[in-house]
Amino acid sequence: MSEEKLLTAFQLKLPLIQAGMGGVAGPELAAAVSNHGGLGVLAVYKSLPEDMLKNIEKTRELTSGFFGINVIPEVSGEARLKQQIEAIVASDERRIAVVFYGLPPFAVVNLLKMENIPVIIQIGTEAEAQTAVGMGADFLVLQGIQAGGHHLGSQRTEQLIEAVAARGFDAGLIVAGGIATGRDYAVYRQMGASGCLCGTLFASALESSAHPRYKDMICQAMPEDTIITNLFEIGWPGRQHRVILNQTVKMGKSQPTHFIAKTVVDEKLYPVARFSAAAPTEHTQGEIDNMALYCGESCRNIHMVNSVSNIMDQFTAELMESLGGKR
């Protein structure tokens, strides 16, 4: 499937999707990305349907463009996932896409397809790609281990797209992991990618809800400062994840599991334990440096906190230069 189909499906100017990062991807970030020609994605995580709908409404107040809603079946659980999807379907909102992190139940995808709501499924293996296509996914996000955050597989991005592209699936292929520039994406475009999904690039953006200290640490980091670990399992067990190598990672399980911070989610105050999967946001207070600092290898090309507008303009210029001025 060509890049043009992605652009047309969501009325985009740029084949760039912002990752729906929990706590980080709020209405301001998602709307800014959509307003500047990409597909912004709103994080949902375990939100109650009423809280999710409030954030969808806030996002819509800030943009008239398409945006995505990121849901995570393995974290939300079957009951909450069903509630979230039913709420999306029942709402009047239709200029949206549902982005699944990991494989969802077939019945959930079928419900969305019946309502003509586009479905994007993020996968980490060739086998998962086959299953997602069989479910009717419109687009697949192929996540490589260069990505920051939680990992769905063990292959690098280039290995995964090479394997999946060879299968000739009808669904469009979106690459994720280690991408921060138009030049990065141009390489995968030649391998059959229809677009790219970026997380770390937007976590450090001015409009991101990430804690300022977290943004600064992303900008200061290089790939060798990140590591894949399974330490941050409270709230999200069973996944490897790439994070900045901080004191929590260095000391490992020799440290006590006690509260090191507090944060606000959906206007509710929560304590944050060491090894929690929660990333530090602008509403977090405490030991920011010792929390889960998700960061991909793309940090090599991220050196300052920048506005979404500047990020998108620079990405566009780099892509056009790589393509010789032609799309």
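Heads up: the structure comes first, above all this text.
All values reported here derive from a predicted model rather than from experimental measurement.

### Concerning the overall build of the protein chain
Point 1. Helices and strands together make up the secondary structure of the protein chain, namely 12 helices and 14 strands.
Point 2. The C-alpha radius of gyration computed for the protein chain amounts to 18 Å, which stays within 12% of the reference 20 Å derived for 327 residues, consistent with globular compactness.
Point 3. Along the longest, intermediate and shortest principal axes, the C-alpha atoms of the protein chain span 50 × 45 × 40 Å.
Point 4. Taken across its 327 residues, the protein chain has 57% of its residues classed as buried.
Point 5. In the form shown here, the protein chain has an accessible surface area of approximately 13,400 Å², with 51% of it arising from carbon and sulfur atoms.
Point 6. Seen as two clouds, the 27 positive and the 34 negative side-chain charges of the protein chain have centres 1 Å apart.

### Structural notes on the sheet that holds strand β14 (residues 285-286)
Point 1. The antiparallel open sheet is built from 3 strands, whose spatial order is β13-β12-β14. Every interior strand has two partners, whereas the edge strands, β13 (268-273) and β14, have only one.
Point 2. As paired strands, strand β12 (residues 259-265) and β13 are joined by 6 bridges and run antiparallel to one another. Looking at β13, one finds that Thr263 is bridged to Tyr270.

### Thoughts on the state of the cysteines
Two cysteines whose sulfur atoms are joined by a covalent bond form what is called a disulfide.
Point 1. This structure, assessed with the given rule, holds 0 disulfides.
Point 2. With no disulfide of its own, Cys219 lies closest to Cys295 among cysteine sulfurs, the gap being 9.1 Å.
Point 3. We classify Cys219 as buried; its relative accessible area is 11%.

### Looking at the pairing of strand β4 (residues 96-101)
Point 1. Most of β4 sits inside the fold, with 6 of its 6 residues counted as buried.
Point 2. In this sheet, β4 lies alongside strand β3 (residues 67-71) in parallel orientation, the contact comprising 5 bridges. Bridging from a neighbouring strand, Phe67 pairs with Ile96 of β4.
Point 3. Handedness of the crossover joining β3 and β4 through helix α4 (residues 73-90): right-handed.
Point 4. In this sheet, strand β5 (residues 119-123) lies alongside β4 in parallel orientation, the contact comprising 4 bridges. Counterpart to Val98 in the pairing with β5 is Val119.
Point 5. Note that the unit made of β4, helix α5 (residues 106-114) and β5 has a crossover that is right-handed.

### Describing the sheet that holds strand β10 (residues 226-229)
Point 1. If you trace the 3 strands from one edge of the open sheet to the other, you get β7-β11-β10, paired in antiparallel fashion. Where the open sheet ends on each side, the last strands, each with one partner, are β7 (149-150) and β10.
Point 2. For β7 and strand β11 (residues 241-244), the ladder comprises 2 bridges, and the chain directions are antiparallel. Its bridge partner lying in β11, His150 is registered against His241.

Conventions we followed
Residues numbered from 1 in each chain as written. Predicted model: local features only at pLDDT ≥ 70, side-chain atom pairs only at ≥ 80, totals over all residues. Heavy atoms only, no water. Helix = DSSP H or I, 4+ residues; strand = E, 2+ residues; numbered from the N terminus. Rg over C-alpha atoms; globule rule 2.2 N^0.38 Å. Buried < 20%, exposed > 50% of the residue type's maximum accessible area, 1.4 Å probe, protein only. Areas by Shrake-Rupley, 256 points an atom, 1.4 Å probe, with all protein chains shown as cover. Lys, Arg positive; Asp, Glu negative; His and termini not counted. Charge placed at Lys NZ, Arg CZ, Asp CG, Glu CD. Pairing = 2+ DSSP bridges. Disulfide = S-S within 2.5 Å. Right-handed = clockwise from strand over helix to strand, strands pointing away.

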